[in-house]
Amino acid sequence: MEFIDPALLAYCEAHTSPEDALLKKITRETQAKVLMPRMISGHLQGKMLELFTKMMNAESILEIGTYTGYSGICLARGLKHGGKLTTLDINDELEAMVRGFFEESGLANQIDYRLGNARDIIPTLDGPFDLVFIDADKFYYGDYFELVIDKVRPGGIILADNVLWSGKILVEEGQKIDKDTRKILDFNKLVHQDPRVENILLPIRDGVLMARKL
């Protein structure tokens, strides 16, 4: 489902600070070599992540779902001097590609790239985190939120991607709902009703839910 006219999207991208050669390379390599390349964050969302990180002067970031490293590099570029990004992914088949991109970015010493099940790794992390970006298995979004909320500092931000789920969240009465869509609906409701945060759902790309910890 397209949420914005292609011509308007092109205009937005044309008036957004351009991707550099590395980000363009990551996009090309992802499209050529990786299944489901549409999962990449891309130009608009990548710059949004970088600017959010810079505005927060973030020192510690957790990313759940590395994929091919595009969003991780954008987040790491916004870190304050000496800051660290911890990024988690379960797909070890992409490890060589991702580590190569991190090295090429010049930010590998600020990126702690860990492979494994995020639900097992997160409890071992100390925090506090200034920013958390959730973009992994949608079925476990609620679990990730509950695992990280106490590790986010007051005033810190949790971002969750794909919360509009290609429009599937617009459910008509009597319509059958698949299990992944149900999980996204439950997650959006969970965050919206959580008294520990204030939130906004942004119709950027496939939807980004932003929650600020109170």
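Our subject in this report is the structure included herewith. (Residues numbered from 1 in each chain as written. Predicted model: local features only at pLDDT ≥ 70, side-chain atom pairs only at ≥ 80, totals over all residues. Heavy atoms only, no water.)

1. Quick word on the overall build of the protein
Cut-off, in case you're wondering: Helix numbers and strand numbers start at the N terminus; a helix is a DSSP run of H or I with at least 4 residues, a strand a run of E with at least 2. Put simply, the radius of gyration uses C-alpha atoms, and a globule should come to 2.2 Å times the residue count raised to 0.38. Relative accessible area decides the class of each residue, using a 1.4 Å probe on protein chains only: under 20% of the type maximum gives buried, over 50% gives exposed, and in between gives partly exposed. In what follows, a contact means two residues having at least one pair of non-hydrogen atoms within 4.5 Å. With residues, only the protein chains shown are counted as cover, and all accessible areas are computed by Shrake-Rupley using a 1.4 Å probe. Positive: Lys, Arg. Negative: Asp, Glu. His and the chain ends are not part of the count. All charge positions are set by atom: Lys at NZ, Arg at CZ, Asp at CG, Glu at CD.
A count of helical and extended segments in the protein gives 8 helices and 7 strands. Here the C-alpha radius of gyration of the protein, 17 Å, is about what a compact globule of 214 residues would show, namely 17 Å. Structurally, the protein occupies a C-alpha span of about 50 × 40 × 35 Å along its principal axes. Scored against the burial criterion, the 214 residues of the protein give a buried share of 48%. Sequence-distant contacts in the protein: of pairs separated by 6 or more residues, those separated by 24 or more amount to 69%. Looking at the protein as shown, the accessible area adds up to about 11100 Å², and 53% of this sits on carbon and sulfur atoms. Considering the protein, the positive charge centre built from 26 side chains and the negative charge centre built from 33 side chains are found 2 Å apart.

2. What to know about the packing of helix 2 (residues 21-33) against helix 5 (residues 95-105)
This is how the line gets drawn: Angles here are taken between N-to-C directions and fall from 0 to 180 degrees, while the axes themselves are lines fitted to C-alpha atoms, restricted in helices to the stretch in contact. In these notes the angle categories are as follows: under 35 degrees is roughly parallel, over 145 is roughly antiparallel, 65 to 115 is roughly perpendicular, and the rest is oblique. Gly is put with the polar residues, along with every residue not named as nonpolar or charged; the nonpolar set is Ala, Val, Leu, Ile, Met, Phe, Trp, Tyr, Cys and Pro, and the charged set is Asp, Glu, Lys and Arg.
Contact geometry of helix 2 with helix 5 gives a least axis separation of 11 Å together with a crossing angle of 170 degrees. Here helix 2 is positioned roughly antiparallel relative to helix 5, judged by the angle of their axes. In contact with Leu22, Lys25, Ile26, Glu29 and Lys33 of helix 2, helix 5 contributes Met97, Phe101, Glu104 and Ser105. By residue class, the composition of the contact of helix 2 with helix 5 is 4 nonpolar, 1 polar and 4 charged.

3. Some details on the sheet that holds strand 1 (residues 60-64)
Stated precisely, the cut-off is as follows: Paired strands, as defined in this entry, are two strands with at least two bridges between them according to DSSP.
Pairing within the open sheet is mixed, and its 7 strands lie in the order 3-2-1-4-5-7-6. On the outer flanks of this sheet lie strand 3 (111-115) and strand 6 (197-202), each paired with one strand and no other. Across the sheet, the mean angle from the axis of one strand to that of its neighbour is 15 degrees, orientation sign disregarded. Examined bridge by bridge, strand 1 and strand 2 (residues 84-89) share 5 bridges and lie parallel to one another. By the bridge assignment for strand 2, Glu63 is matched with Thr87. Contacting strand 1, strand 4 (129-134), strand 5 (152-161) and strand 7 (208-213), helix 3 (residues 42-56) crosses the sheet at an angle of about 180 degrees to strand 5. Where helix 7 (residues 141-148) meets the sheet, it contacts strand 1, strand 4, strand 5 and strand 6, and its direction lies at approximately 165 degrees from that of strand 5.

4. Structural notes on the packing of aromatic side chains
We count it as follows: Two rings from Phe, Tyr or Trp (for Trp, the six-membered ring) form a pair when their centres are within 6.5 Å of each other. A pair whose planes differ by under 30 degrees is stacked, one over 60 is edge-to-face, and the rest are tilted. Both a distance and an angle decide whether a charge sits over a ring: NZ of Lys or CZ of Arg must be within 6 Å of the ring centre and within 35 degrees of the ring normal.
Scanning the model with the defined rule gives 5 aromatic pairs in all. Taking the centre distance of 5.2 Å and the plane angle of 75 degrees together, the rings of Tyr141 and Phe187 count as edge-to-face. Placement of the pair is Tyr141 in helix 7 and Phe187 in helix 8 (residues 179-192), with a sequence separation of 46 residues. For Tyr141, a relative accessible area of 0% corresponds to the buried category. Under the relative-accessibility criterion, Phe187 is labelled buried at 2%. Between Phe145 and Phe187 the ring centres are 6.3 Å apart and the planes differ by 80 degrees, which places this aromatic pair in the edge-to-face class. Taken as a pair, Phe145 in helix 7 and Phe187 in helix 8 lie far apart in primary sequence, 42 residues in all. Members of the aromatic cluster, joined through ring pairs, are Tyr141, Tyr144, Phe145 and Phe187. The ring of Tyr140 carries the charged tip of Arg119 above its face, separated from the ring centre by 3.6 Å. Residue placement shows Lys179 over the ring face of Phe139; its charged tip is 6.0 Å from the ring centre.

5. Looking at the side chain of Thr30
Of note, Thr30 is situated in helix 2. The contact partners of Thr30, leaving out residues within four places of it in the chain, are Pro37, Ile40, Tyr67 and Thr68.

6. Thoughts on the nonpolar core
Just so we agree on the cut-off: In these notes, a set of buried Ala, Val, Leu, Ile, Met, Phe, Trp, Tyr and Cys residues joined through side-chain atoms within 4.5 Å is what counts as a nonpolar core.
Membership of the largest hydrophobic core comes to 34 residues, with the highest contact counts inside it found for Ile26 and Leu159. Contributing elements (two or more residues each) for this core: helix 2, helix 3, helix 4 (70-77), helix 5, strand 3, strand 4, strand 5 and strand 7. Among the elements that make up this core, the one with the highest residue count is helix 4 (5 residues). Leu159 has contacts with Leu49, Phe52, Leu131, Val132, Phe133, Ile134, Val208, Leu209 and Met210, leaving out every residue within four places of it along the chain. Grouped together as the second largest cluster of nonpolar side chains are 28 residues, Ile158, Phe187, Val191 and Val197 included.

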